[in-house]
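Spelled out from the first residue to the last, the chains are:
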Amino acid sequence: MEKSFNELYDLLQEYIIEDSGMIDLNWCGEFLYPFYKHFNDNDIRYRTGSLIAFWGLLTEWEDESGFPFFTVGFDINNSHHFDKYIEEFLKYSSKIKEQFPHIYKVIIHSLMLLDKRDGFEETFPNTNIEFFKIIRKHLFNVEIQWSNDLYKNAFKEADIDI
């Protein structure tokens, strides 16, 4: 039986706390869920949980422990959809930045690193280049200094005490 978002978020919090902040989870198995649908949820727990999950997906790609997004050669039914996550994130980015500035910054930081290291066009060759230009124009217009405090504060915004 498929788990509800609430059940998944409880598990997500449990695993993050157990692993002292690691968010390298079974994203294409146990946590295969369209978290992006909750980026603007009325329930703050769902909003922060979905954003932490997005950060987790990006972190899995960033640390090269896996690649959770659909692209050429991947099973569309067992992968997350990068374009849908980004579309929803862009749609609500101002609100996210205002309400959860640390979560916003860790997501943007990961996106910037991934684009610089791997290149979105090379990673997602079937996606229109204009989409990536929009990401860069609207999200990459800040400089973010990485720190352990930023990392910890992002979890605090999601009510996850590591």
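You'll find the structure just up there.
Residues numbered from 1 in each chain as written. Predicted model: local features only at pLDDT ≥ 70, side-chain atom pairs only at ≥ 80, totals over all residues. Heavy atoms only, no water.

Attention shifts here to unusual backbone geometry. At Glu64, a position not held by glycine, the phi torsion is positive, near 60°. Here Glu64 is to be found in the loop between α2 (44-62) and α3 (82-99). Even without being glycine, Asp159 reaches a positive phi, approximately 60°. Note that Asp159 resides in the segment after α7 (148-157). Accessibility expressed as a relative area gives 67% for Asp159, which makes it exposed. (Helix = DSSP H or I, 4+ residues; strand = E, 2+ residues; numbered from the N terminus. Buried < 20%, exposed > 50% of the residue type's maximum accessible area, 1.4 Å probe, protein only.)

Moving on to the nonpolar core. The biggest cluster of nonpolar side chains holds 52 residues, and the ones touching the most others in it are Phe69, Phe82, Phe89, Leu111 and Ile135. Put simply, the parts of the chain that give this core at least two residues each are α1 (5-18), α2, α3, α4 (101-118), α6 (129-139) and α7. Considering each element in turn, this core owes the most residues, 8 residues, to α2. Beyond its immediate stretch of four places on either side in the chain, Phe89 contacts Phe39, Leu51, Phe54, Ile96, Tyr104, Ile107, Ile108 and Leu139. (Core = buried A, V, L, I, M, F, W, Y, C linked by side-chain atoms within 4.5 Å. Contact = heavy atoms within 4.5 Å.)

Here we take up α1. Taking 1.5 Å of rise per residue, 14 residues should cover 20 Å, and α1 covers 20 Å from first to last C-alpha, within 8% of that figure. Regarding α1, the residues found buried are Phe5, Leu8, Tyr9, Leu11, Leu12, Gln13 and Ile16. Check the buried side of α1 and you find it contacts α2 and α7. Residue Ser20 follows α1 closely and has a positive phi angle near 50°. (Expected span 1.5 Å × (residues − 1).)

Before going further, it helps to spend a moment on the pattern of salt bridges. Tallying each qualifying case throughout the model produces 7 salt bridges. Where Glu88 meets Lys91, a salt bridge forms, and the shortest distance between an N and an O atom there is 3.1 Å. Here Glu88 and its partner Lys91 are both found in helix α3, 3 residues apart, which amounts to about one turn of the helix. Linking Arg117 and Asp118 is a salt bridge whose minimum nitrogen-to-oxygen distance equals 2.8 Å. We classify Asp118 as partly exposed; its relative accessible area is 24%. Overlapping salt bridges, with partners in common, bring together Glu64, Arg117 and Asp118 in one network. (Salt bridge = Lys/Arg side-chain N within 4 Å of Asp/Glu carboxyl O.)

Read these as spatial facts, not as claims about activity.
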